[in-house]
Amino acid sequence: MKIRLLCLLFVPSLAMAQGLPAGPKVTVSAVTQVAPTVPQYTRVDVPLLRDAAAKQSGGRVEFNLKSWPEMSVQGPEVIRLVRSGQVDLGAAPLTTVSGDVPFLDGIDLAGLAPELDTARKIANALVPIANKELERIGVKLVATYPFPAQVFFCKKPIAGLADLKGLKVRTNGPSASDLVSYLGGQPAAIAFGEVYTALERGTVDCAITGTGSGNGVKWYEVTTHLYTLSTAWSTSGYFVNLAWWNKLDPAVRGFLEKTMAGVEEAQWKLGAEVTQDGIDCNIGNAAGCKIYSLVKNKPMVQVKATDADRAKLREALVATVLPGWVKRCGVKCGEIYNQAIAPISGVKYNP
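Analysis parameters
Residues numbered from 1 in each chain as written. Predicted model: local features only at pLDDT ≥ 70, side-chain atom pairs only at ≥ 80, totals over all residues. Heavy atoms only, no water. Helix = DSSP H or I, 4+ residues; strand = E, 2+ residues; numbered from the N terminus. Buried < 20%, exposed > 50% of the residue type's maximum accessible area, 1.4 Å probe, protein only. Contact = heavy atoms within 4.5 Å. Areas by Shrake-Rupley, 256 points an atom, 1.4 Å probe, with all protein chains shown as cover. Lys, Arg positive; Asp, Glu negative; His and termini not counted. Charge placed at Lys NZ, Arg CZ, Asp CG, Glu CD. Salt bridge = Lys/Arg side-chain N within 4 Å of Asp/Glu carboxyl O. Pairing = 2+ DSSP bridges. Axes fitted to C-alpha atoms, helices over the stretch in contact; angles between N-to-C directions. Core = buried A, V, L, I, M, F, W, Y, C linked by side-chain atoms within 4.5 Å. Polar contact = N/O pair within 3.5 Å; in protein donor to acceptor, adjacent residues only side chain to side chain. Disulfide = S-S within 2.5 Å. Bend = angle between axes of the 7 residues up to and from the residue.

Caption draft 1: Just the overall build of the protein, in detail. Within the protein one finds twelve helices and eleven strands. Among the 351 residues that make up the protein, the fraction classed as buried is 53%. Taking as baseline every contact in the protein between residues at least 6 positions apart, the subset at least 24 positions apart corresponds to 74%. Surface accessibility of the protein: about 15,700 Å² in total, with carbon and sulfur atoms responsible for 54%. The positive charge centre, built from 37 side chains, and the negative charge centre, built from 30, are 3 Å apart in the protein.

Caption draft 2: Main features of the environment of Val-318. Examined against the element boundaries, Val-318 turns out to sit in helix H11 (residues 307–329). The partly exposed category is assigned to Val-318, whose relative accessible area is 41%. Separated by 206 residues in sequence, Val-318 and Leu-112 have C-alpha atoms that sit 9.3 Å apart. With near-sequence residues (within four places) excluded, Val-318 lies in contact with Pro-323 and Val-347.

Caption draft 3: Just the pattern of salt bridges, in detail. Scanning the model with the defined rule gives 13 salt bridges in all. A salt bridge links Arg-50 to Asp-51; the nearest nitrogen and oxygen atoms lie 2.9 Å apart. For Arg-50, a relative accessible area of 43% corresponds to the partly exposed category. A relative accessible area of 29% means that Asp-51 is categorised as partly exposed.

Caption draft 4: Quick peek at the sheet that holds strand E6 (residues 168–171). Taken together, the six strands give an open sheet; going across it, the order is E7-E6-E8-E5-E9-E11, and neighbouring strands pair in mixed fashion. Each having just a single partner strand, strand E7 (186–189) and strand E11 (301–303) make up the two edges of the open sheet. Ignoring strand direction, the axes of neighbouring strands in this sheet form an average angle of 35°.

Caption draft 5: Molecular detail of the nonpolar core. Judged by nonpolar contacts, the single largest core of 82 residues is most densely connected at Leu-104, Leu-134, Leu-164, Phe-239 and Tyr-337. Considering every element that reaches this core, the biggest residue donor is helix H5 (residues 116–134), with eight residues. Residue contacts for Leu-134: discarding those within four places in its chain leaves Ile-79, Val-101, Leu-104, Val-139, Leu-141 and Phe-239.

Caption draft 6: Molecular detail of the side chain of Asp-205. Structurally, Asp-205 can be placed in the loop between helix H7 (195–201) and strand E8 (206–210). On the accessibility criterion, Asp-205 (11% relative accessible area) is buried. At 3.5 Å, the side chain of Asp-205 forms a polar contact with the side chain of Lys-156. When sequence neighbours within four positions are dropped, the list of residues in contact with Asp-205 reads Phe-153, Cys-154, Lys-155, Lys-156, Leu-167, Lys-168 and Leu-199.

Caption draft 7: Up close: the state of the cysteines. For the structure shown, the criterion picks out three disulfides. Residue pairing for Cys-154: its cysteine sulfur links by disulfide to Cys-206, the two sulfurs lying 2.1 Å apart. Measuring handedness by torsion sign, the sulfur bridge of Cys-154 and Cys-206 sits at about 115° and is right-handed. On the criterion of sequence distance, the pair formed by Cys-154 in strand E5 (residues 150–154) and Cys-206 in strand E8 is long-range, its members being 52 residues apart.

Caption draft 8: Up close: the sheet that holds strand E1 (residues 26–31). With respect to topology, five strands assemble into an open sheet ordered E2-E1-E3-E10-E4, the strand pairing being mixed. In the strand order of this sheet, the two ends are held by strand E2 (61–66) and strand E4 (139–145), each with one partner. Looking at each pair of strands side by side, their axes are set apart by 25° on average, direction ignored. Bridging between E1 and E2 involves six bridges; their strand directions are parallel. Each bridged residue has a counterpart across the sheet, and for Ser-29 the counterpart in E2 is Asn-64.

Caption draft 9: Up close: the environment of Gly-23. Structurally, Gly-23 can be placed in the loop between helix H2 (14–17) and E1. Expressed as a C-alpha distance, the spacing of Gly-23 and Val-252, which sit 229 residues apart in the sequence, is 9.4 Å.

Caption draft 10: Helix H12 (residues 331–345), seen in detail. Along its length, H12 shows its largest kink, about 45°, at Asn-338. Within the span of H12, buried status applies to Cys-333, Gly-334, Ile-336, Tyr-337, Ala-340, Ile-341, Ala-342 and Ser-345. In this structure, the buried residues of H12 make contact with H5 and H11. A positive phi of about 80° marks Gly-346, the residue just after H12.

Encoded structure:
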C-alpha cells in the first residue's frame, strides 16, 4: 500500500513526464511537402510530427498531417491557407510563396549561399526580420529547412555556365531567372510537375532543381548531364496561423516550439545527406546511393563546378540577382540585406 501511495504521489501522467501538463487535446492540421514520397516528408515530418509528437505529449497533441497533393495544393497558396486558418501549419519553399511576401525571396537568392552552412546562417539571421513582415498578415515562420542543392539537369552536353548561353532553362524562382538571363540563357517558368514533359519534348534544354528532387521524378530519363554547381537550396519554411498560435495554451505552444526546433535540426542535417545522395544516385554510384533511386541504365554525366564558374555565379549575384530582388522588394530590403546578410555572404548591395 505504501508503494502504491508513493506511485500516486510521485509518478506523473505520461503527459507530465514529457513536460506537458494534462489538458484538452490539440489537433494540429498541417500540410507540408510537395509529395508524400520526398525524404523531407517520410524521414522528418512523418516520424517527428505525425508519430513522435503524439507520444511525447502523452496523446495531448497530435498532427493531422497531409502532403500537398493530398490537399490539392500547388505551393504558392500555402501561406494563404495558413493565413485564412484553413490549416494551422503549412510548409513551402520561401521563393514559392514570396509572391505574397517578396522579402522571403531574399533568404535564398541564386548565388547567395553556395555552401549549406552559409544558407542556414542566412536563414537564421532573417527569420526574426521576416516575421515582422509575416505577422502583418497573420502568419509566423517557426522553422526553416533546405532541399538538396539546386543544380542543372541538362539534355545537352554542358561543361560550365558559359554553355548555358542560348539555352532554354526551366527556373524555380525570380532570382534563378535573373541568373539565367545574365548568363545569356532563356529562363522558363514551368511548374515542377510539368518539367519532365518539357525536357522530353525539348521545350527546355535544362532545368534547375535539387539533386535528389530531380532524381525523385526521374529527370535522369530525359537528361544526360548533371552540372552540380549549387545555385541555391530552395530554403523552405514552416508557417503557422498567428491567431491560432497565440491562443494556444502556453505549455502546448512551448511543446510545439521544441518540436519544430527538432524538426528544423533534422531537416538541415538531411539537406546535406540528400544533396550528395542525389548526385551519387543520378551518376550511378551504387556505394553512395542510399536514399533516392540508383540510375543503372544510362547514368548521368556529372560536371563539377570550376573556381571560375563559382566566381561567375558571385558576379551574377552582384550585378543582376541582388539588384533585381531589391527592385521587387523595395529599397528597405536592400538596407536590411546589408545589415543582416552582407556580413555573412561577404557581398554588399550597392544601390
